[in-house]
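Summary of the model geometry
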Amino acid sequence: MTPLAPEQRDAVIEVADVSKWFGAVVALSEVSCRIGPGITALLGPNGAGKSTLLRVLCGLTAPSRGEVRILGRVPRRDVGLARHMGLVPQQEALFDRLTARQFVALAAKLHRVHQPEAAVDSVLGQVALDPRDPRPLRTYSKGMRQRVKVAQALVHEPEVLILDEPLEGLDPRQRLGMINLLRQVAAEGRTVVVASHVLEEVERFGSRVLVIAQGRLAAEGDFRAIRELMDDRPHRLRIRTDRPRPVAAGLISSGAATGAWVQGDDVVVVDTVDVALFRHRLAPVAREQGARLVEVVALDDDLESVFRYLVGRR
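Notes on the structure in this doc start here. (Residues numbered from 1 in each chain as written. Predicted model: local features only at pLDDT ≥ 70, side-chain atom pairs only at ≥ 80, totals over all residues. Heavy atoms only, no water.)

Turning our eyes to something else, we now look at the packing of aromatic side chains. A ring pair, where both rings are aromatic, is described by two values, the distance of the centres and the angle of the planes. Under the counting rule described, the total for this entry stands at one aromatic pair. Ring centres of Phe95 and Phe103 lie 6.0 Å apart, and the angle between their planes is 70°; on these two criteria the pair is classed as edge-to-face. Residue classification places Phe103 among the buried residues on the basis of a relative accessible area of 11%. (Phe/Tyr/Trp six-rings, centres within 6.5 Å; stacked < 30°, edge-to-face > 60°. Buried < 20%, exposed > 50% of the residue type's maximum accessible area, 1.4 Å probe, protein only.)

Take a look at the structure:
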């Protein structure tokens, strides 16, 4: 694991050897991490265990083993801790008959916010929604409903903000606005935990990253370190060419491929551990062999394969 940055040593969130299972299904397995102020992203494919970990952090479900502490308190046992936390769940369970203002005002009342009306107007403005909009939530688009969820999580100015796929359903302009808002919250010294399965989203947050795969913590570090881990792995590509055997031999002899298999009359599948070198040498090899390149396709460039590789490294 990457050593903790200085700001992580005085952790706001402490997860110690947490496992969670539902019958025979293991959702989390021996997860340990410490999270301090700023933005931390949980990155992993759908079904990796991100949402389960967030539910454990919020006290919505108890770990089967291990312990979670937030601000030194146990969320499952300390109801008062909820006033210091804001949650944006992935589910869209809203009170559809209410307006956005009424819904966020209800959250403000539950959290005993001082001057709730001003707080509601302010936070709706922060997520680019009109507090005077008279329409009920059932008429809102997915992106608008998502922003309402963020507003209710922020209205009481929590010290810890936990968001599950907060950019889902937002258009590019709204995504940029949401990213900037969460950066601002983090810059105030608060702790923001964002779950996402989209690598590019995590990169835009510029955050510390915890990679969750198959219920396990596969890697952690800043985004650049995680990107290096993801790039420094074997890759498999399919090349369509009119001379597959000479191209395969040329790539291996040049050091651009560690293995090659000819399939049919016009396909060669190659393995490489250096994609940059492969890209640099493919065209010269084809010219040397008098071959015509028709197509080059990465066979394992999806996030699922990346996470499987990271899990296998441990």
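And the narrative resumes.
Right, let's talk about the nonpolar core for a bit. Membership of the largest hydrophobic core comes to 37 residues, with the highest contact counts inside it found for Val104, Val148, Val150, Val155, Leu163, Leu182 and Val192. Val12, Leu53, Leu57 and Leu217 belong to the second-largest nonpolar core, a separate cluster that totals 26 residues. (Core = buried A, V, L, I, M, F, W, Y, C linked by side-chain atoms within 4.5 Å.)

Here the focus is the packing of helix H3 (residues 100-110) against helix H4 (residues 116-126). Contact geometry of H3 with H4 gives a least axis separation of 9 Å together with a crossing angle of 125°. Classified by the angle between their axes, H3 and H4 sit oblique to one another. Both H3 and H4 take part in a crossing whose hand is right-handed. Seen from H3, the contacting residues are Ala100, Arg101, Val104, Ala105 and Ala108; seen from H4, they are Pro116, Glu117, Val120, Asp121, Val123 and Leu124. (Axes fitted to C-alpha atoms, helices over the stretch in contact; angles between N-to-C directions. Helix = DSSP H or I, 4+ residues; strand = E, 2+ residues; numbered from the N terminus. Parallel < 35°, antiparallel > 145°, perpendicular 65-115°, else oblique. Left-handed = near helix turned anticlockwise from the far one by under 90°. Contact = heavy atoms within 4.5 Å.)

Quick reminder: α-helices carry 3.6 residues per turn. Residues three or four places apart thus point the same way. Over its 13 residues, helix H5 (residues 142-154) extends 19 Å from the first C-alpha to the last, a length consistent with the 18 Å expected when each residue adds 1.5 Å. Among the 13 residues in H5, twelve count as buried, and that is most of the element. When H5 is considered as a whole, its buried residues turn out to be Gly143, Met144, Arg145, Gln146, Arg147, Val148, Lys149, Val150, Ala151, Gln152, Ala153 and Leu154. (Expected span 1.5 Å × (residues − 1).)

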